[in-house]
Amino acid sequence: MKFTKMHGLGNDFIVVAGEKELPSGADQLAIRLCNRFFGIGADGLVYILPSETADFKMRIINSDGSEAEQCGNAIRCVSKYVYDNGMTDKAEITVETLGAGVQKVQLNVQNGKVATVRVDMGQPILEGLQVPTTVDQAEVIDYPIEVDDRQFRFTAVSMGNPHCVIYVDDAVNFDLSLWGPRLEVHPMFPRKTNVEFVTVKNREHTDMRVWERGAGPTLACGTGACATLVSSVLNGLTDRRATVSLKGGDLFIEWDEADNHVYMTGPAEEVFKGTL
Ligand SMILES: N[C@@H](CCC[C@H](N)C(=O)O)C(=O)O
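Quick notes on the rules
Residues numbered from 1 in each chain as written. Predicted model: local features only at pLDDT ≥ 70, side-chain atom pairs only at ≥ 80, totals over all residues. Heavy atoms only, no water. UniProt positions renumbered as here; feature names shortened; annotations may be inferred. Near = heavy atom within 4 Å. Polar contact = N/O pair within 3.5 Å; in protein donor to acceptor, adjacent residues only side chain to side chain. Nonpolar A, V, L, I, M, F, W, Y, C, P; charged D, E, K, R; others polar. Helix = DSSP H or I, 4+ residues; strand = E, 2+ residues; numbered from the N terminus. Buried < 20%, exposed > 50% of the residue type's maximum accessible area, 1.4 Å probe, protein only. Contact = heavy atoms within 4.5 Å. Core = buried A, V, L, I, M, F, W, Y, C linked by side-chain atoms within 4.5 Å. Phe/Tyr/Trp six-rings, centres within 6.5 Å; stacked < 30°, edge-to-face > 60°. Lys NZ or Arg CZ within 6 Å of the ring centre and 35° of its normal.

As annotated in an unreviewed UniProt entry, the protein is Diaminopimelate epimerase from Paenibacillus sedimenti. Check the Catalytic activity (unreviewed entry) section of the UniProt entry for the protein; it says "(2S,6S)-2,6-diaminopimelate = meso-2,6-diaminopimelate". What UniProt states about the protein under its Function (unreviewed entry) heading is, verbatim, "Catalyzes the stereoinversion of LL-2,6-diaminopimelate (L,L-DAP) to meso-diaminopimelate (meso-DAP), a precursor of L-lysine and an essential component of the bacterial peptidoglycan."

Set out below in structure tokens:
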């Protein structure tokens, strides 16, 4: 099996192309290959597959073997992969995802290779039961949640996958590994959740640290950055265009008032190719 190790701001993936469909046993393979001590090491295993409704289809398996509906950093890596490897010569492509429909992608090509990618991430889902949370409300904004003896307030956003956004005084130094795993499996999130801890720096800039469902602490999360911007607008904290600074670097996120779509712009990089 040939693979390419790629990353988007340090959120890293083992990318595999050439299969017709998601192979059975992909969950166990992801657990084995994503292991940083006994495998290649990655946050997820990503398959690029043929699609009947788009130019390509993407499936992503988290490092714990669970499948995610969508992944912002992976879709940028997939877009770079298909262009740089001659699977398309188009600068605008479409990618089918499991839970966020078909997404339109614009490639910024420099010297024949994709440098950055702008993805139309679609419309955010805010209805509480659809995110999903157990809160039966049209929107779940600044809502109380208790973990052990600590009270947080969260805003729920789905970008195809669920996110719980929490504002803290200092996201950069926040104890992610203590609270992230507890919130990920909190009973208010029936399909578990990704958790973003956010500090607003000004109306066009936030810091964010993420605990990902099925992968733990990662250096960046594209859908998490989108959820952060949407949440920050809903809470009146930022404008509709802002930079989200993650541990691995910056993503530029826009929530368009006209079409209600969220747009994410950021880099994608190849690390190495290999054969198993
Ligand atoms: N890193 C991703 C999200 C990957 C999936 C996530 N762990 C989930 O289970 O929803 C991103 O860049 O969006």
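Next comes the rest of the account.
Participant: Got a minute to help me understand the site of the ligand in this structure?
Facilitator: Of all residues adjacent to the ligand, which total 14 residues, the nearest are Asn11, Gly72, Glu212, Gly222 and Thr223. The contact in question runs from an oxygen atom of the ligand to an N or O atom on the side chain of asparagine 62, over 2.9 Å. Here an oxygen atom of the ligand sits 2.6 Å away from a polar atom, N or O, in the main chain of glycine 222. Grouping the constituent residues of the shell around the ligand by class yields three nonpolar, nine polar and two charged.

Participant: What am I meant to see in the UniProt feature "binding site: substrate" (unreviewed entry) in the protein here?
Facilitator: As annotated in UniProt, the feature "binding site: substrate" (unreviewed entry) corresponds to Asn11, Asn62, Gly72, Asn73, Asn161, Asn194, Glu212, Arg213, Gly222 and Thr223 in the numbering used here. By the element assignment, asparagine 194 lies in strand β12 (residues 194-202). Given a relative accessible area of 3%, asparagine 194 falls into the buried group. Sequence-distant contacts of asparagine 194, that is, excluding residues within four places in its chain, are made with Asn161, Pro162, His163, Cys164, Trp211, Glu212 and Arg213. Of note is the side chain of asparagine 194, whose polar atom sits 2.9 Å from the backbone oxygen of proline 162. Looking at the secondary structure, you find glycine 222 in helix α4 (residues 222-234). By relative accessible area, glycine 222 is classed as buried at 1%. Filtering out sequence-adjacent residues up to four positions away, glycine 222 remains in contact with Gly72, Asn73, Leu251 and Met264.

Participant: Explain the nonpolar core here, please?
Facilitator: The nonpolar side chains of a soluble globular protein tend to be buried, and buried together. Ranked by size, the top nonpolar core spans 50 residues in total, and within it Phe13, Val46, Met58, Ile60, Ile253, Val262 and Met264 carry the most contacts. Those residues within four positions of methionine 264 in sequence are excluded, and the remaining contacts are Gly72, Ile75, Arg76, Val117, Arg118, Val119, Met121, Gly222, Cys226, Leu251, Phe252 and Ile253. Val140, Phe154, Ala171 and Met188 belong to the second-largest nonpolar core, a separate cluster that totals 21 residues.

Participant: Just to check I follow, could you spell out the environment of proline 144 for this structure?
Facilitator: With respect to the helices and strands, proline 144 occurs in strand β9 (residues 143-147). What makes proline 144 partly exposed here is its relative accessible area of 38%. For the pair formed by proline 144 and phenylalanine 154, sequence separation is ten residues and the distance between their alpha carbons is 6.5 Å. Discounting residues that sit within four places of it in the chain, proline 144 has contacts with Phe152, Arg153, Phe154 and Met188.

Participant: Can you help me understand the packing of aromatic side chains in this one?
Facilitator: Aromatic rings in a pair are described by how distant their centres are and how their planes are angled relative to each other. Across all of its chains, the model carries seven aromatic pairs by this definition. Summarising the aromatic geometry, the rings of phenylalanine 3 and phenylalanine 272 are spaced 6.1 Å apart at their centres and angled 80° between planes, so their arrangement reads as edge-to-face. Of this pair, phenylalanine 3 sits in strand β1 (residues 2-8) while phenylalanine 272 is found in strand β18 (residues 269-275), placing the two residues 269 residues apart along the sequence. An aromatic cluster is built from Phe152, Phe174, Trp179 and Phe197, whose rings are joined through pairwise contacts. Between the NZ or CZ atom of arginine 182 and the centre of the ring of tryptophan 179, over which it lies, the distance is 5.8 Å. The side chain of arginine 240 reaches across the aromatic face of tryptophan 255, ending 4.4 Å from its centre.

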